[in-house]
Each structure stands twice: as C-alpha cells, then as structure tokens.
Amino acid sequence: MTKTRVVLGVSGASGAVLSLAVARHLTSADIEIDLVVSPAARLTLAQECGPDALKELRQSATRHHAPADIGASIASGSVPVSGMIVAPCSMRSLGAIAHGLDDNLLTRAAGVQLKERRPLVLLAREAPLTLAHLRNMTAAAEMGAIILPPVPAFYLNPVNITEIADQIAARAVDCLKVCAPAAKPWHPETEADPVERFESKLHIP
C-alpha cells in the first residue's frame, strides 16, 4: 500500500522553526515528505534555527528537490500527493502562487495543488499587511488555498517557542485531513456556569 505523500515548501519568511515543526508532525504520522527549500529559506533556517537546521529538515524528508528543478515529479499533477503546506510562506511566494506564476518548483507545486483541487495550506508570515498582501491572500483563498497565519494559541498558555510552533504546525497538518487530528483542542471549564466563569475571569463581584 502506497504511503500518504505531502509536499512541504519552505520559503524565506521569518518563522523557519515552523518548517521543522511541520516536518516533525508529518514524520510522526508516517507521511512521506517531498521537501522544497528556497534559497532565502536556507539563510533564514541558519539564522533562526542554527547551522544544522537545513540538514535536520532534509533528514526528515523522503525526497528533497532543488527549487530550480521544475521537472521534478511534484511539478506534475499526475503524481499523486495528498496536499502541500508552505511553512512559512513569504509574501513573495504568496504573490506568485496567487497569480499563477509557477516560476520555481515551490510555486509550481503549489499551483499544481490548486489546479488538481488538493489542499494547499499557506502559513503566510508578515506584519503589518499591505493592501497587496491582503489582495493576494484573497486571490489564493478564492482558488482554494487555506490561509493560516502562524498566530500563537495563547489560550493554551504555551511556555516556549517550541510549543507555539508545534501547535501551529499541528493545525496546518490537520487542515490536510491526512491523519488523526494532532492539534491540542480547547477544553472549556464545562462544569462551571458560562456566565459565572466569564465574570470570575473579569473579577466581577
């Protein structure tokens, strides 16, 4: 039986730790990874995660492809993959995907997911956002992409960056629906009356 196969694209936006977290979740779910790392992402990985980060990322991948190799298998819709995550997704990559430029393997593979109606999850990383960024997000979403800004789940009270990245990565993998849910769910205090719970948090007598 063929294993589930997912493309992981890593662009040069800040937040390189997200790529490592996504790779960990996919690997733990026994999902094959086709990895594409942009030249800018190599720099960001080294600066934000250390000199061995790229090596670690490649070791978690089943296959890794050069971003200039537009003849790679994942550039064709005839190759069965279950979707793609771009983590993090720079505004440059977002713009290329939104306008169908397909100018390197990362953006081409993303375009393939859209044309084949497969899940494409973009962890779009930038702040503040310009009107161009917002319009590109809208265009990508209208074509079927899932825009998932890497916003921390503060309600889970994370204690470090690793926990924050792991939860965001788990949400991204969950969006593909290729394995059992991995993200930590919110558990409200169901035994307490909702109004009383809310007032207690506000210290209302």
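Every value quoted in this text rests on a predicted model; they were computed, and no experiment measured them. (Residues numbered from 1 in each chain as written. Predicted model: local features only at pLDDT ≥ 70, side-chain atom pairs only at ≥ 80, totals over all residues. Heavy atoms only, no water.)

Draft legend 1. Focus on the side chain of Asp34. Locating Asp34 in the fold gives a position in strand S2 (residues 32-37). Within the structure, the side chain of Asp34 is placed 3.0 Å from the side chain of Arg63, a separation counted as a polar contact. Apart from residues lying up to four places away in sequence, Asp34 is in contact with Arg5, Val6, Val7, Leu8, Arg63, His65, Ser73 and Ile74. (Helix = DSSP H or I, 4+ residues; strand = E, 2+ residues; numbered from the N terminus. Polar contact = N/O pair within 3.5 Å; in protein donor to acceptor, adjacent residues only side chain to side chain. Contact = heavy atoms within 4.5 Å.)

Draft legend 2. Examining the packing of aromatic side chains more closely. Applying the stated rule across the entire model yields one aromatic pair. Note on Tyr155 and Trp186: the rings are 5.9 Å apart at their centroids and 80 degrees apart in plane angle, and the pair reads as edge-to-face. Of this pair, Tyr155 sits in the loop between strand S6 (146-147) and helix H7 (161-176) while Trp186 sits in the loop between H7 and helix H8 (194-202); the two residues are 31 residues apart in sequence, bridging distant segments of the chain. Overall, Tyr155 belongs to the partly exposed group, its relative accessible area being 41%. (Phe/Tyr/Trp six-rings, centres within 6.5 Å; stacked < 30°, edge-to-face > 60°. Buried < 20%, exposed > 50% of the residue type's maximum accessible area, 1.4 Å probe, protein only.)

Draft legend 3. Looking closely at the pattern of salt bridges. Per the counting criterion, the structure on display carries eight salt bridges. Between Asp166 and Arg24 there is a salt bridge; the shortest N-O distance is 2.8 Å. Highlighted residues: Asp166 in helix H7 and Arg24 in helix H1 (residues 17-28), separated in sequence by 142 residues. Its relative accessible area of 25% is what places Asp166 among the partly exposed residues. Here Arg24 falls in the partly exposed class, since its relative accessible area comes to 37%. Its salt-bridge partner being Glu32, residue Arg63 comes within 2.8 Å of it at the nearest N-O pair. Residue Arg63 is located in strand S3 (residues 63-65), and its partner Glu32 is located in strand S2; the two are separated by 31 residues in the primary sequence. One salt-bridge network, held together by shared partners, links Arg5, Glu32, Asp34 and Arg63. (Salt bridge = Lys/Arg side-chain N within 4 Å of Asp/Glu carboxyl O.)

Draft legend 4. The nonpolar core, seen in detail. Membership of the largest hydrophobic core comes to 31 residues, with the highest contact counts inside it found for Leu8, Val22, Leu35, Val37, Leu57, Ile85 and Leu123. Mapped by element, the contributors of at least two residues to this core are strand S1 (5-10), H1, S2, helix H2 (39-49), helix H3 (53-60), strand S4 (84-89), strand S5 (120-124) and H7. If near-sequence neighbours (up to four positions away) are discounted, Val37 is found in contact with Val10, Arg42, Leu45, Leu54, Leu57, His65 and Pro67. Ranked by size, the runner-up nonpolar core spans 25 residues in total, among them Ala72, Ile74, Cys89 and Leu120. (Core = buried A, V, L, I, M, F, W, Y, C linked by side-chain atoms within 4.5 Å.)

Keep in mind these values describe shape, not function.
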